[in-house]
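What follows is each chain in one-letter form.
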Amino acid sequence: MFIEVKNYFNNKKKYRFIVSVIDNEKPTLEFKKELETEEGTKIDLLKDVVVKDNSKEVIKPEIEGTYDFNKAGEYKLYYIAKDSSNNTVKEEFLLKVKEKKKVESKERKNKINTTSKGYEIVNKEGVTLIGGYLVVNKTYSLPKDYGDGLKSDTKNKFNKMKSAAEKEGLNLFISSGFRSYTRQNTLYNNYVKNDGKEEADTYSARPGHSEHQSGFAIDFNTVDDSFADTKEAKWLSSNCYKYGFILRYPKDKTNETGYKYEPWHFRYVGEDLAIKLYNKGNWITMESYFGITSTYN
């Protein structure tokens, strides 16, 4: 711009000067106060940020602060915007990085917990599997409608074991195999009527808690303590593991199994587990091996 000046003699002279208009107004920010994401998922923190300024110039905002999309936590950050007149606005916002949700398989969702020895307890439609093996005792029961007979593996291995015993002049036969919930209910109530509930619970399972309903249990020959002194009982105790059977209720293990010694009651579990429980003749119970209880609630 110019200004003209005259003196007394009407002499003229022009002077040039500059007028500076100073902008003291800060830009304004429009943004979300909180942003969320999940571990490992990056988001554009500047996507919805709008900067407005009286100069109408295009101003790009910046972010101040440190954060990590791969680490859960809350990060206090700032949006900063500066115009050409060096007017600066600084606004705080919060970035929340949440812990990534673990996707569980259907099988894992069925898992209730683990035993004291770390074996997984899985309940499928009322049937309890521990370490992959069906378990039924005073703690773990079976549904009323479970079972319809001895399992095929139980029958096949029994036949092989019976044949092996016959070669040694021994006679093995099934005194009691599969028993339904209804049948067990009748038997148990009769025992309670005769001996009382406390005594009956030492040798008979309540309905739903009997191994016989599982289709894996067999009572051999004579269901009586005298069977322990027979050649068949002694042979079974020393050889049954070779065919996948175990002596289910060994002597002096009542505090573990919940039942008195039953030299006639054997359970099929397969050769791998049977060898471990046989323990060179020093029988280990399923309860001790898996780290589980056998007590009625």
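Everything numeric here is computed off the predicted structure, so don't read it as measured data.

Engineer: Would you mind going over helix H5 (residues 231–239) with me for this structure?
Structural biologist: One full turn of an α-helix is made of 3.6 residues, so residues set three or four places apart face in the same direction. Every buried residue of H5 is accounted for by Glu-232, Ala-233, Trp-235, Leu-236 and Asn-239. The arc that holds every buried residue of H5, seen down its axis, measures 165°, which confines them to one face. The exposed set on the far side of H5, more than 90 degrees from its buried face, consists of Lys-231 and Lys-234. Looking at the buried positions of H5, the neighbouring elements they touch are helix H2 (152–166), strand E14 (217–220) and strand E16 (265–268).

Engineer: Quick question: what am I supposed to make of the pairing of strand E10 (residues 120–124) here?
Structural biologist: Within a regular strand, side chains alternate between the sheet's two faces. When E10 meets strand E11 (residues 127–130), the two strands line up antiparallel, connected through 4 bridges. The residue bridging Val-122 from the neighbouring strand is Leu-129, located in E11. Turn length for the E10-E11 hairpin, with the two strands adjacent in sequence and antiparallel, is 2 residues, and the turn residue Glu-125 shows positive phi of about 55°.

Engineer: Where do I start with unusual backbone geometry in this structure?
Structural biologist: Residues other than glycine predominantly adopt negative phi, and peptide bonds predominantly adopt the trans conformation. The phi dihedral of Glu-125 is positive, around 55°, even though this residue is not glycine. Positioned with a positive phi, Asn-279 is a non-glycine residue whose angle comes to about 50°. Assignment of secondary structure puts Asn-279 in the loop between helix H7 (271–278) and helix H8 (286–290). For Asn-279, a relative accessible area of 33% corresponds to the partly exposed category.

Engineer: Is there a simple way to think about the packing of aromatic side chains in this case?
Structural biologist: Both the distance between ring centres and the angle between the ring planes are used here to describe each pair of aromatic rings. Enumeration according to the criterion identifies 15 aromatic pairs in this entry. By way of ring pairs, the aromatic residues Tyr-119, Tyr-133, Tyr-289 and Phe-290 are connected into one cluster. Just above the ring of Tyr-259 sits the side chain of Lys-138; from NZ or CZ to the centre is 4.7 Å. For the cation-ring pair, Arg-206 lies above Tyr-296, with the distance from its terminal atom to the ring centre recorded as 3.8 Å.

Engineer: What is the right way to read the pattern of salt bridges from this model?
Structural biologist: Pairing between side chains becomes possible if they bear opposite charge and their charged atoms approach one another. With the rule as written, the count across this model stands at 12 salt bridges. In this structure, Lys-96 engages Glu-34 in a salt bridge whose closest nitrogen and oxygen atoms are separated by 3.4 Å. Pair noted here: Lys-96 is in strand E8 (residues 88–98) and Glu-34 is in strand E4 (residues 34–38), with a separation of 62 residues, a long-range link. Here the salt bridges do not stand alone but share partners, grouping Glu-211, Arg-248, Arg-267 and Glu-287 into one network.

Engineer: Looking at this structure, how should I read the environment of Ile-59?
Structural biologist: Along the chain, Ile-59 turns up in the loop between strand E5 (50–52) and strand E6 (62–64). Along the backbone, Ile-59 and Glu-211 are 152 residues apart, and their C-alpha atoms lie at a distance of 78 Å. Each residue touching Ile-59, except ones within four places of it in the same chain, is listed here: Pro-27, Val-51, Asp-53, Ala-81, Lys-82 and Asp-83.

Engineer: I tried to follow the environment of Thr-186 on my own but got confused; where do I start?
Structural biologist: Among the secondary structure elements, Thr-186 is positioned in helix H3 (residues 181–195). What makes Thr-186 partly exposed here is its relative accessible area of 36%. Along the chain, Thr-186 and Cys-240 lie 54 residues apart, while their C-alpha atoms are 30 Å from each other.

Engineer: Would you explain the sheet that holds E8 in this entry?
Structural biologist: Paired through backbone hydrogen bonds, the strands of a sheet run either parallel or antiparallel to each other. Taking strand neighbours across the sheet as the criterion, the 4 strands line up as E4-E8-E7-E6 in an open arrangement whose pairing is mixed. Since the sheet does not close on itself, it has two edges, and those belong to E4 and E6, each with one partner. Going from strand to strand, the sheet's axes swing by 35° on average, the running direction of each strand aside.

Engineer: Any chance you could explain H2 here in plain terms?
Structural biologist: Taking 1.5 Å of rise per residue, 15 residues should cover 21 Å, and H2 covers 21 Å from first to last C-alpha, within 8% of that figure. Residues Thr-154, Lys-157, Phe-158, Met-161, Ala-164 and Ala-165 constitute the buried set of H2. Taken around the axis of H2, the buried residues stretch over an arc of 125°, which confines them to a single face. Against the buried residues of H2 lie strand E13 (174–176), E14, H5, strand E15 (245–247), E16 and H7.

Engineer: Looking at this model, I keep getting lost on the sheet that holds E14. Mind explaining?
Structural biologist: Overall, antiparallel pairing links the 4 strands, which are arranged E13-E14-E16-E15 in an open sheet. Two strands close off the open sheet at either side, each with one partner strand: E13 and E15. The average undirected angle you get between the axes of adjacent strands in this sheet is 45°. As paired strands, E15 and E16 are joined by 3 bridges and run antiparallel to one another. Among the inter-strand pairings, Ile-246 is bridged to a residue of E16, identified as Arg-267.

Engineer: In this structure, what is going on with the nonpolar core? I would like to understand it.
Structural biologist: A general trend in soluble globular proteins is that nonpolar side chains are found buried together. Counting 42 residues, the largest nonpolar core has Met-161, Phe-220, Trp-235, Leu-236, Phe-245 and Trp-283 as the members making the most contacts within it. Of all elements in the fold, only E11, H2, E14, H5, E15, E16, H7 and H8 reach the threshold of two or more residues within this core. When sequence neighbours within four positions are dropped, the list of residues in contact with Phe-245 reads Thr-154, Lys-157, Phe-158, Met-161, Ile-218, Cys-240, Phe-266, Arg-267, Tyr-268, Ala-274 and Trp-283. With 16 residues, the next largest nonpolar core counts Leu-45, Phe-69, Leu-77 and Val-89 among its residues.

Parameters and conventions
- Residues numbered from 1 in each chain as written.
- Predicted model: local features only at pLDDT ≥ 70, side-chain atom pairs only at ≥ 80, totals over all residues.
- Heavy atoms only, no water.
- Buried < 20%, exposed > 50% of the residue type's maximum accessible area, 1.4 Å probe, protein only.
- Helix = DSSP H or I, 4+ residues; strand = E, 2+ residues; numbered from the N terminus.
- Arc of directions from axis to C-beta.
- Contact = heavy atoms within 4.5 Å.
- Pairing = 2+ DSSP bridges.
- Phe/Tyr/Trp six-rings, centres within 6.5 Å; stacked < 30°, edge-to-face > 60°.
- Lys NZ or Arg CZ within 6 Å of the ring centre and 35° of its normal.
- Salt bridge = Lys/Arg side-chain N within 4 Å of Asp/Glu carboxyl O.
- Axes fitted to C-alpha atoms, helices over the stretch in contact; angles between N-to-C directions.
- Expected span 1.5 Å × (residues − 1).
- Core = buried A, V, L, I, M, F, W, Y, C linked by side-chain atoms within 4.5 Å.

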